Protein chains: 2
Amino acid sequence: MAIRETGIIRNKEQMRNWTRSMRAQGKTIGLVPTMGYLHQGHLSLIAEARKHAQLIVVSIYVNPGQFSANEDLSTYPSDFQGDIEKLQSTPDGVDVVFNPYNMYDYGEERERSGGKKREKEEGVVSCLEDERGGGFGHETWIRVEGLEKGMCGKSRPVFFRGVATVVAKLFNIIEPDVAVFGKKDYQQWRIIQRMVRDLDFAVKVIGSEMIRDKDGLAMSSRNVHLSPREREQIQTVMFFCDIYKNHMRARHLSISRSLFEAKKGKNICSELRRSVIESIEAAGGKIDYVEIVDQESLEAINDEEITRGGGGGVVICVAAWFGKVRLIDNMEIDVLQHS
Amino acid sequence: MAIRETGIIRNKEQMRNWTRSMRAQGKTIGLVPTMGYLHQGHLSLIAEARKHAQLIVVSIYVNPGQFSANEDLSTYPSDFQGDIEKLQSTPDGVDVVFNPYNMYDYGEERERSGGKKREKEEGVVSCLEDERGGGFGHETWIRVEGLEKGMCGKSRPVFFRGVATVVAKLFNIIEPDVAVFGKKDYQQWRIIQRMVRDLDFAVKVIGSEMIRDKDGLAMSSRNVHLSPREREQIQTVMFFCDIYKNHMRARHLSISRSLFEAKKGKNICSELRRSVIESIEAAGGKIDYVEIVDQESLEAINDEEITRGGGGGVVICVAAWFGKVRLIDNMEIDVLQHS
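Please read these numbers as outputs of a predicted model, since none were measured by experiment.

1. Brief notes about the interface of chain A and chain B
Where the parts come together, the accessible area they lose is often given as the size of the interface.
Part 1: Taken together, the contact between chain A and chain B spans 46 residues of the former and 47 residues of the latter.
Part 2: Summed over both sides, the interface between chain A and chain B buries roughly 4100 Å², with carbon and sulfur atoms accounting for 44% of that surface.
Part 3: The largest contributions to the chain A side of the interface with chain B come from Glu 139, Arg 197 and Asp 200 of chain A, which together make up 17% of the buried area.
Part 4: Remark: the boundary between chain A and chain B carries eight salt bridges.
Part 5: For Lys 12 of chain B, the salt bridge goes to Asp 200 of chain A, with nearest N and O atoms at 2.8 Å.
Part 6: Here chain A is connected to chain B by 34 residue pairs in polar contact (both at pLDDT 80 or more).
Part 7: When residues of the side of chain A that touches chain B are traced back to their parent elements, those giving at least two are helix H1 (12–24), helix H4 (107–113), strand E5 (140–144), helix H6 (159–174) and helix H7 (186–198) of chain A.
Part 8: By residue number, the principal contributor to the side of chain A that touches chain B is H6 of chain A, which donates six residues.
Part 9: Across the side of chain A that touches chain B, the residue classes break down as 13 nonpolar, 13 polar and 20 charged.
Part 10: Pairing of E5 of chain A with strand E5 (residues 140–144) of chain B involves five bridges; the strand directions are antiparallel. Across the sheet, Ile 142 of chain A pairs through a bridge with Ile 142 of chain B, a residue of E5 of chain B.

Written out as structure tokens, the structure is:
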């Protein structure tokens, strides 16, 4: 198949016009939101999007709204030219790269709305840059109040409101039919899914399976910051996780209800959690959290609930620091439904 | 002109399909969101919408998300049949009335997403009704964090998050080109305008002038709850406001910069505020707030700022209780720009 010419659009209005003209021709649009520094994981999201839509938009935008002042916005890796080359060399390519300069720039809007004018003010109003006050900066935030509370939301208090808000903006600008999110960012995926349901966005959200490097490490743009030593240590954890995954499968997927009954009170969750923590710490990691939660509600599952084997699946979510890099990972474990 | 046949749509999907089929025919859509019990004020919003769009959707939905437990959701007046008759007898009528049963019902969605299933659960998940917990209820809220803080936001803490959220839902379902809001609900109008800017909604927000009854009372569905005695008392306030408005015009619109300079230190805002308070109290009202604020940022304007005559206009916003009815009103005052 011929490689598509990738158009680069930086302007919100042009982006929306493109979608609308394509939709008028009966085309469906798939969106893959990214912060750039693309890797195989991103490319797998694009491949997934292709299954659901005729035209693909990849957004590349490092969203300042989801970083706290003490987080790694300034060192977040970027390589726009490299990203474009990667996109052009993937099968089918993509149709548009949406790469806005500043998603929080409402300079024109302010002039139009006829509010207070300040002679020396620039057109840019950003949630991070507008510290002069005056009530004209970005101030609208979307919160998915339950799902954002635990796990990454605990240690990164503005993270998910920033993610939900920028994704809503992208949805309103690009107006896609489908958007693909990686299940590597599990909590993020569930939050976006819930936001779309609760705000009635006309977008189908697809969760795409995680891609791991050969050594088992979940692909992430932040991996580039890991030292070879750290990388090697992490390998141990990942290897451990794989073992544990198989172990859990044996325990929960293949065994009968009677066995479940017999296991009651065996503290499966607590045991699993403790083992994962020990393993990460042995590999030199500093635990942020290890949680075993319901796949959809992200509420903690206790030993009794897991041995009841009730309802949906669970997911083990992990965040840990290796040096200055904070990594996240997770494993879904589908608990057998007994009749 | 012939009166249009008004279609009634209660289903979100059907509503969106209608807009999309109309847009595919090149039509533009105007939305007038209401909570029903329509009066002349609503009809003026519809007339305004007609100026900006070819087809008009009026939504009628009493949004539980914007009422606190102690507020008047249960006594909010309603007369759906009367509303339809009023709409059909207006010039041009309207094209669609969107009247959903429950905007927070995600029963189908939950089944699709494959989460925990609960045998005895009904399809309805409402922010107000879902107190069983479990993490499946509506939990996504939009906050316009600066503008929602003062005035009505102070005394009604969940009001504006409820309004912003339901309006975002309506925008996503109806996908209008234009939406018209009454300037009677001044803070609400500014919040929606800001939300649309900050979240990049493809909707043009129009603020429509307030409509007053013959006695000067701003039209509101809640006026029906006023006793004749209360109604009469309020008349006094409104009459006063009109005088004051003219007074302010004289003071601020028609006078020269030199006069402004001379007035410095004369406590114009404080005087005005005190007079309005006294007048409302004399009419038997119990003040919630009287604020003089910048028209766009809704930040309090002080005496020095108003005598500087700088930049945009100001607005006096008032909320007061008359018996069990809480009424709001406001007056825009455009301050002369001096060169």
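Read on for the rest.
2. Comments concerning the pattern of salt bridges
Between side chains of opposite charge, pairing is possible as soon as their charged atoms come close.
Part 1: Taken as a whole and assessed by the stated rule, the structure comprises 40 salt bridges over all chains.
Part 2: Across the salt bridge formed by Arg 23 of chain A and Asp 177 of chain A, the nearest N and O atoms sit 3.1 Å from each other. Taken together, the residues Arg 23 of chain A in helix H1 and Asp 177 of chain A in the loop between H6 and strand E6 (178–182) connect sequence positions 154 residues apart.
Part 3: Among the ionic pairs, Lys 183 of chain B bridges to Glu 209 of chain B, the shortest N-O distance being 2.9 Å. Placement of the pair is Lys 183 of chain B in the loop between strand E6 (178–182) and helix H7 (186–198) and Glu 209 of chain B in the loop between strand E7 (204–208) and helix H8 (228–253), with a sequence separation of 26 residues.
Part 4: Judged by relative accessible area, Glu 209 of chain B falls into the exposed class, the value being 52%.
Part 5: One network of salt bridges, in which partners are shared, links Lys 12 and Lys 169 of chain A together with Asp 200 of chain B.

3. With respect to the packing of aromatic side chains
Part 1: Scanning all chains against the criterion turns up ten aromatic pairs over all chains.
Part 2: On the numbers, 5.5 Å between centres and 75 degrees between planes, the contact of Phe 171 of chain A with Phe 201 of chain A is edge-to-face. A residue pair is termed long-range when its members are at least 10 positions apart, and Phe 171 of chain A in helix H6 and Phe 201 of chain A in the loop between H7 and strand E7 (204–208) qualify at 30 residues.
Part 3: The class of Phe 201 of chain A is buried, set by a relative accessible area of 7%.
Part 4: Stacked on the ring of Phe 159 of chain B, the Lys or Arg Arg 156 of chain B has its end atom at 4.1 Å from the ring centre.
Part 5: Cation over ring: Lys 169 of chain B sits above Tyr 104 of chain B, and NZ or CZ is 5.0 Å from the ring centre.

4. Digging into H7 of chain A
All names here are of chain A.
Part 1: The end-to-end C-alpha distance of H7, which contains 13 residues, comes to 18 Å, matching closely the 18 Å that a straight helix rising 1.5 Å per residue would cover.
Part 2: Counting buried residues in H7 gives 13 out of 13 residues, a clear majority hidden from the surface.
Part 3: Positive phi shows up at Asp 200, right after H7, with a value of about 60 degrees.

Cut-offs used in this document
- Residues numbered from 1 in each chain as written.
- Chains lettered and ligands numbered in written order.
- Predicted model: local features only at pLDDT ≥ 70, side-chain atom pairs only at ≥ 80, totals over all residues.
- Heavy atoms only, no water.
- Contact = heavy atoms within 4.5 Å.
- Buried area = accessible area lost by both parts, 1.4 Å probe.
- Salt bridge = Lys/Arg side-chain N within 4 Å of Asp/Glu carboxyl O.
- Polar contact = N/O pair within 3.5 Å; in protein donor to acceptor, adjacent residues only side chain to side chain.
- Helix = DSSP H or I, 4+ residues; strand = E, 2+ residues; numbered from the N terminus.
- Nonpolar A, V, L, I, M, F, W, Y, C, P; charged D, E, K, R; others polar.
- Pairing = 2+ DSSP bridges.
- Buried < 20%, exposed > 50% of the residue type's maximum accessible area, 1.4 Å probe, protein only.
- Phe/Tyr/Trp six-rings, centres within 6.5 Å; stacked < 30°, edge-to-face > 60°.
- Lys NZ or Arg CZ within 6 Å of the ring centre and 35° of its normal.
- Expected span 1.5 Å × (residues − 1).

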